[in-house]
Amino acid sequence: QVTLRAGAELNARQMNHYTLILRAACPGEDEVEERLFVWVTGRHVLRCDTPFASAEGDVVQVLADVAPRTPLYAVLPQPLGGLTGFPSPSFLQFRLRNHNTPLTLTRRGLVLAPDNGFHPSKDTQTFRLEIEVMDRHGHNCSGAVKVEVLPSRRPRITFPEPHRAVTVTEGIGPWEVITQVHARGDNVRYAILAPVAPMLFTIDEVTGEIHSTRRLEMIHAHLLIRAYNALHPEDHAIATINITVQGTDHQAPRCVPAIFVSQVPEIVSPGSILVTLRCTDSTSSDGCLHYALEGPPSSLSHFCMEGPRLKVNTTLDYDSEAMAALDFQLTATIVVTVGGQPLRSTRVPVLVTVTPVNEFRPACPDGATFIVPETAAFGSVVGRVAGTDSDYPLDSLEYSLEGGSGPAQPFSIDRRTGEIRVVGSLDSQLQKNYRLVVRLTDTHNDLDLRKRQSRLCDVSVRLQTVPDQLPVCIPEVQELRITAGSPGSRQHVTRLVCHSSPDSAVLTYSIVGGNEDGRFRLEGNTLVYLPNGRVEPQPFVLLVEVWGGSGARRRSSVVALVVHVTPRSTPVPPSTTTQCTTLQKEPLVVMQTEAVWHPPAWFVAVLTISGALLLATLGCVARNLLCR
């Protein structure tokens with residue numbers, strides 16, 4: 001035993017660690033040495049934190065359906081409060097001053113819910129705990145905790161049908177389903193309270209199905225079924241189930257057919273007989289049998305019973321939204337009951353599927369007239385033929401164009417959507433209006449796919465005239481200079497930049513003047529020079545016609561090109577680039593509408609200018625030669 005020497009004072013600030021070496025030996029044995037480490041810590045004052053140490057105490061609110069022994073409050077939480085200034089609750093002792101409470105205080109300072117949970121109540125319950133905390137040095141503090149138990153918000157366990165009578169026949173084997181109970185609430189479990197013996201029935205604690213445990217004979221059983229919340233067993237409800245096992249001489253009537261499944265067309269008239277039941281009973285005549293219908297109201301309204309005959313009560317309209325909501329299937333149950341005590345009944349399930357009948361022809365849209373510009377591109381949408389059909393599914397149509405597509409009818413129609421598109425060239429001068437005949441054919445409206453109906457609809461397509469504009473070239477007059485290459489070569493001179501309206505129109509280029517010896521050639525909109533070996537400088541005035549369209553719609557413009565060709569033998573420095581000079585003058589717009597070109601009046605002016613430029617060029621060349 002190691003004790004502190006009398007009169008010794010410990011000061012953690014001066015020395016907080018001591019190492020003691022202990023030696024022990026027994027007679028005839030070796031000495032053993034061990035070390036003892038002593039830590040000196042500063043003195044702590046035990047102090048309770050607010051609001052735990054206040055006069056009112058701390059307040060905790062919980063619901064009445066909290067699980068049993070759930071921690072509700074920690075007297076020494078870390079770091080939220082309760083106590084401060086002490087390192088660990090393992091060195092503390094917690095004592096409950098008042099014991100008139102169902103709550104529990106643990107050795108570690110946790111306040112727990114009652115072992116059986118709180119009692120369910122519609123009012124708020126309040127519990128006050130006065131707690132004293134003491135450390136191992138005898139320091140203590142105290143405080144209070146008030147626990148407010150609020151009413152539960154979860155639904156109570158209830159039986160919608162607390163009393164039920166069930167009749168079965170003897171001979172039912174073990175583990176067969178006798179009936180099923182259902183209770184409302186959360187986490188519902190089921191148990192049989194009585195009778196405990198003999199144990200003829202058992203219940204599935206989750207589904208509520210009641211099963212037989214052995215082969216049943218004639219007996220009358222009175223079962224008490226308890227439904228409870230698995231998390232809160234005190235929340236429960238009781239139901240009574242009376243089970244009567246009848247002898248074989250009290251069997252329910254037998255009916256043929258035992259189940260009725262059929263398909264009927266939607267045009268079946270009210271009053272038509274769907275099925276006639278043949279039911280027999282071993283103890284009574286057919287006159288004591290009673291027939292009734294059960295089932296959902298949406299289906300039940302379509303049937304009626306006349307004795308053992310099931311008849312159609314109302315029109316079975318396949319094309320209505322109400323029938324589509326039922327998935328075109330009507331369900332009911334025919335209950336056949338035998339009089340006497342006890343009442344015995346047989347149920348015959350009925351399933352009738354309503355099948356479609358193609359009753360209506362497709363209808364054409366009103367005023368199917370479309371306007372499309374004559375410049376519409378291939379594949380452009382002209383419009384949509386919106387045909388209708390009253391058979392379900394509504395407006396399930398196929399579209400086709402009578403006569404097909406061709407030069408006389410440059411349109412096509414989408415088989416499913418009814419969209420009309422352009423698939424050929426349009427010219428309002430050749431034909432301004434088109435009359436299309438569209439065939440509407442219904443689909444999926446009858447079980448017999450051969451029973452399809454169609455209708456022809458007239459559709460008018462009117463072409464909108466788009467004014468043609470002359471091709472525009474920039475610039476319209478060009479002066480170009482090139483150096484002739486070797487004979488047989490091919491020289492690029494210039495590329496004409498022209499456009500027309502619409503932009504998609506294809507332009508055609510042709511040299512219509514100034515190319516009598518064939519020295520130039522057009523490749524699309526590119527002008528090419530073909531050298532032939534001549535050495536003298538020579539200017540060329542070319543007229544290029546640019547036109548778009550064809551036939552009577554042909555519109556053209558003329559571009560003037562002045563090309564100065566310098567031979568390679570002349571002192572003019574060779575050049576591999578083409579010089580292009582735009583004359584600074586008012587542009588001339590030339591319109592050509594005849595099929596054969598005729599020189600206009602302005603051509604004389606162009607020749608005069610070209611001649612003057614040629615003379616000026618020759619004079620410059622002669623002056624340069626004389627100077628050299």
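Residues numbered from 1 in each chain as written. Predicted model: local features only at pLDDT ≥ 70, side-chain atom pairs only at ≥ 80, totals over all residues. Heavy atoms only, no water.

- The name given to the protein in an unreviewed UniProt entry is CDHR4 protein, with Panurus biarmicus as the source organism.
- Comment text from UniProt for the protein, heading Subcellular location (unreviewed entry), reads "Membrane". (UniProt positions renumbered as here; feature names shortened; annotations may be inferred.)

## Digging into the pattern of salt bridges
Move 1: Scanning the model with the defined rule gives 19 salt bridges in all.
Move 2: One salt bridge in this structure joins glutamate 161 and arginine 164, with 3.3 Å as the shortest N-O distance.
Move 3: For arginine 164, a relative accessible area of 21% gives the class partly exposed. (Salt bridge = Lys/Arg side-chain N within 4 Å of Asp/Glu carboxyl O. Buried < 20%, exposed > 50% of the residue type's maximum accessible area, 1.4 Å probe, protein only.)

## A short note on the sheet that holds strand 14 (residues 188-194)
Move 1: Read from one edge to the other, the open sheet built from four strands follows the order 12-18-17-14, with strand pairing classed as mixed. Because the sheet does not close on itself, it has two edges, and the strands there are strand 12 (163-169) and strand 14. The mean inter-strand angle of the sheet, taken between neighbouring strand axes irrespective of direction, is 30°.
Move 2: Bridge count between strand 14 and strand 17 (residues 219-229): six bridges; the pairing is antiparallel. From the neighbouring strand, alanine 191 faces strand 17, where its bridge partner is arginine 226. (Pairing = 2+ DSSP bridges. Helix = DSSP H or I, 4+ residues; strand = E, 2+ residues; numbered from the N terminus. Axes fitted to C-alpha atoms, helices over the stretch in contact; angles between N-to-C directions.)

## Some points on the UniProt feature "transmembrane region" (unreviewed entry) in the protein
Move 1: The UniProt record annotates "transmembrane region" (unreviewed entry) at residues 601-626.
Move 2: Note that residues 601-626 is 96% helix and 0% strand, and that its end C-alpha atoms are spaced 39 Å apart.

## Section: a nonpolar patch on the surface
Move 1: Residues Val2, Leu4, Leu10, Met15, Tyr18, Leu20, Leu22, Leu36 and Val38 make up a contiguous nonpolar surface patch of roughly 720 Å² in combined accessible area.
Move 2: At the level of elements, strand 1 (17-24) and strand 2 (32-39) are the ones that each hand at least two residues to the nonpolar patch.
Move 3: If one sorts the elements of the nonpolar patch by residue count, strand 1 sits on top with three residues.
Move 4: The topology assignment puts valine 2 in the segment before strand 1.
Move 5: Judged by relative accessible area, which is 52%, valine 2 ranks as exposed. (Patch = residues over 30% accessible without salt bridge, like charges linked within 9 Å, V, L, I, M, F, W, Y side chains within 5 Å. Areas by Shrake-Rupley, 256 points an atom, 1.4 Å probe, with all protein chains shown as cover.)

## Some thoughts on the state of the cysteines
Move 1: The tally for this structure, following the rule as stated, stands at three disulfides.
Move 2: For cysteine 255, the disulfide goes to cysteine 279, at an S-S distance of 2.0 Å. As the torsion about the S-S bond is roughly 115°, the cysteine 255-cysteine 279 disulfide counts as right-handed. Placement of the pair is cysteine 255 in strand 19 (residues 254-256) and cysteine 279 in strand 22 (residues 278-280), with a sequence separation of 24 residues.
Move 3: You can call cysteine 279 buried: its relative accessible area is 3%.
Move 4: Here cysteine 473 engages in a disulfide with cysteine 498; their sulfurs sit 1.9 Å apart. (Disulfide = S-S within 2.5 Å.)

## Quick word on unusual backbone geometry
Move 1: Note the cis peptide between alanine 194 and proline 195, where omega equals -5°.
Move 2: The residue proline 195 is located in the loop between strand 14 and strand 15 (201-203) in this model.
Move 3: With an omega of -10°, the peptide bond running from isoleucine 474 to proline 475 counts as cis.
Move 4: Its location among the elements puts proline 475 in the loop between strand 35 (472-473) and strand 36 (477-483).
Move 5: Of note in the backbone geometry, aspartate 327 takes a positive phi value of approximately 60° without being a glycine.
Move 6: Note that aspartate 327 resides in the loop between helix 2 (321-325) and strand 26 (329-338).

## What to know about the packing of aromatic side chains
Move 1: If you walk through the whole model with that rule in mind, you get eight aromatic pairs.
Move 2: Considering the side-chain rings of phenylalanine 520 and tyrosine 529, the 5.1 Å spacing of their centres and the 50° angle between planes classify their relative orientation as tilted.
Move 3: Relative accessible area serves as the criterion here: at 3%, phenylalanine 520 is assigned to the buried category.
Move 4: Judged by centre distance (6.3 Å) and plane angle (80°), the ring pair of tryptophan 602 and phenylalanine 603 falls under edge-to-face.
Move 5: In textbook terms, an aromatic cluster arises when at least three aromatic residues are bridged by ring pairs, as seen for Tyr318, Phe328 and Tyr392. (Phe/Tyr/Trp six-rings, centres within 6.5 Å; stacked < 30°, edge-to-face > 60°.)

## With respect to the environment of glutamate 130
Move 1: Tracing the sequence through the fold places glutamate 130 in strand 10 (residues 125-135).
Move 2: Exposure remark for glutamate 130: the relative accessible area of 32% places this residue in the partly exposed category.
Move 3: In this structure the C-alpha to C-alpha distance between glutamate 130 and glycine 57, which are 73 residues apart in sequence, comes to 8.6 Å.
Move 4: Once you skip the residues sitting within four places of it in the chain, glutamate 130 turns out to touch Arg95, Leu96, Arg97, Asn98, Gly143 and Ala144. (Contact = heavy atoms within 4.5 Å.)

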